Amino acid sequence: LLARAMTSDDTPAATEALDFTGERFTPECVREIWYEHMHRYAYAVDFCRGKRVLDAACGEGYGSALLAWTSASVLGLDVDAAAIAHARRRYSSRPGLSFQQQDVTALDQLPDASFDVIVSFETLEHVHEQERMLAGFRRLLTADGVLLISSPDKHTYSDLRDYRNEFHVRELYRAELETLLQANFAHTRIYCQKLLFQSLLWDPDQPPSQARVSTLRSDGTVSARPDYQALYFLAVCSAQPLECVAPAGALHLFGDAAETVYEHYNEEIRRIIAAGHRLIAQDQEIADLRARLAHAEALLAEQAQHQGRKP
């Protein structure tokens, strides 16, 4: 599905890319950031099949376009006029997909219960009026509607790295995020997201039916869970119980068949190895030149000493 979305006539290859400023992801980005953003929408696909979907803060529009392949309809909203104009040029020829410039903290013009699913990925930390935004999402969802929302963990994203993202105005710790979501949704499920280096074992002839996870701890013991600190949280929220759509203990893997991150890793390793070989050759050349210089200096010294003995 992702490959289909990224190779159709109205996708990136056919339209000039939106400038990447660091505020909004574009599908021309590569490596970790590509995986992080694409995974969220790939996860959302099954929630959106045959549904009326709102993509709140859709940015460049790539995610709305991906969801539109299986949704009944998708409305992408973003406050930035340039992003919406770009999304319309690139994607809106797709059936059931439309874009509108709109502040997602002010959705009063949209009717109650008009969406079955709302997705809003990496939006929360960009707005001050988070409570108002979530109250608006709750009003727009049907009684059994589902909100999928993601946001970075302030502890690992900013505190541990001593990092500040200039576009983030209100980052949250996990407890703060849960409190905020639970004020509007009776049922919430928090999942952790982080790009990891993993080795997989799978049945080549059957789709996965179960998953076992092993993580080697620093003390040499093995944990039966992904034993890492999350970089991002993705929450599934609803007024109704979530066990059918977002079960406890669920694990969702995402990858691209081209293995772009792994290929970049291999390219970097090859580059580093090649640089290492060049350094070794240069070190040998320097050693040879120093030996030749020392030999020349010795000859000159011997010649000067010989000349000094002449009557």
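Cut-offs applied
- Residues numbered from 1 in each chain as written.
- Predicted model: local features only at pLDDT ≥ 70, side-chain atom pairs only at ≥ 80, totals over all residues.
- Heavy atoms only, no water.
- Helix = DSSP H or I, 4+ residues; strand = E, 2+ residues; numbered from the N terminus.
- Expected span 1.5 Å × (residues − 1).
- Patch = residues over 30% accessible without salt bridge, like charges linked within 9 Å, V, L, I, M, F, W, Y side chains within 5 Å.
- Areas by Shrake-Rupley, 256 points an atom, 1.4 Å probe, with all protein chains shown as cover.
- Salt bridge = Lys/Arg side-chain N within 4 Å of Asp/Glu carboxyl O.
- Phe/Tyr/Trp six-rings, centres within 6.5 Å; stacked < 30°, edge-to-face > 60°.
- Buried < 20%, exposed > 50% of the residue type's maximum accessible area, 1.4 Å probe, protein only.
- Lys NZ or Arg CZ within 6 Å of the ring centre and 35° of its normal.
- Contact = heavy atoms within 4.5 Å.
- Pairing = 2+ DSSP bridges.
- Right-handed = clockwise from strand over helix to strand, strands pointing away.
- Polar contact = N/O pair within 3.5 Å; in protein donor to acceptor, adjacent residues only side chain to side chain.
- Disulfide = S-S within 2.5 Å.

J.: Mind showing me how you'd approach helix H2 (residues 32–48) here?
T.: Because each turn of an α-helix spans 3.6 residues, side chains separated by three or four positions in sequence point in the same direction. Taking 1.5 Å per residue, 17 residues should reach 24 Å; H2 reaches 25 Å between its end C-alpha atoms and fits that length. Positive backbone phi, approximately 70°, marks glycine 50, located one or two places after H2.

J.: Sorry, what's going on with a nonpolar patch on the surface here?
T.: On the surface, a cluster of nonpolar side chains totalling about 630 Å² of accessible area is made up of Phe197, Tyr262, Tyr265, Ile269, Ile272 and Ile273. The topology assignment puts tyrosine 265 in helix H8 (residues 260–308).

J.: Could you clarify how one ought to interpret the packing of aromatic side chains in this entry?
T.: One pass over the structure, following the stated rule, counts 12 aromatic pairs. Aromatic pair tyrosine 41 and tyrosine 62: ring centres 5.3 Å apart, planes at 75°, arrangement edge-to-face. Of this pair, tyrosine 41 sits in helix H2 while tyrosine 62 sits in helix H3 (residues 62–68), and the two are 21 residues apart along the sequence. Exposure class is identical for tyrosine 41 and tyrosine 62. Each is buried. In this structure an aromatic cluster arises from ring pairing among Trp34, Tyr35 and Phe254. Against the face of tyrosine 157 rests arginine 161, its NZ or CZ located 4.7 Å from the ring centre.

J.: For this particular structure, what's the right way to read the side chain of threonine 26?
T.: In this fold, threonine 26 is placed in the loop between helix H1 (2–5) and H2. Those residues in contact with threonine 26, other than ones at most four positions away along the chain, are Leu18, Asp19 and Phe20.

J.: Looking at this structure, how should I read the pairing of strand S1 (residues 52–56)?
T.: Remember that side chains alternate between the two faces of the sheet whenever the strand is regular. With 4 of 5 residues buried, S1 lies mostly within the body of the structure. Note that S1 and strand S2 (residues 73–78) share 5 bridges and pair parallel. Within S2, the position partnered with arginine 52 by the bridge is serine 73. Tracing the backbone out of S1, into H3 and back to the parallel element S2 gives a crossover that is right-handed.

J.: What's the story with the side chain of serine 151 in this structure? I'm lost.
T.: Assignment of secondary structure puts serine 151 in strand S5 (residues 141–152). Side chain to side chain, serine 151 and glutamate 125 meet in a polar contact 2.9 Å long. If we skip the residues at most four places from it in the chain, serine 151 touches Glu122, Leu124, Glu125, Tyr232 and Phe233.

J.: Any chance you could explain the state of the cysteines here in plain terms?
T.: Covalently bonding the sulfur atom of one cysteine to the sulfur atom of another cysteine gives a disulfide. Enumeration according to the criterion identifies 0 disulfides in this entry. You can see cysteine 48 has no disulfide; the closest cysteine sulfur is in cysteine 58, sitting 14 Å from it. Residue classification places cysteine 48 among the buried positions, given a relative accessible area of 0%. Its sulfur unpaired, cysteine 192 is 14 Å from the next cysteine sulfur, which belongs to cysteine 237. Judged by relative accessible area, cysteine 192 falls into the exposed class, the value being 53%.

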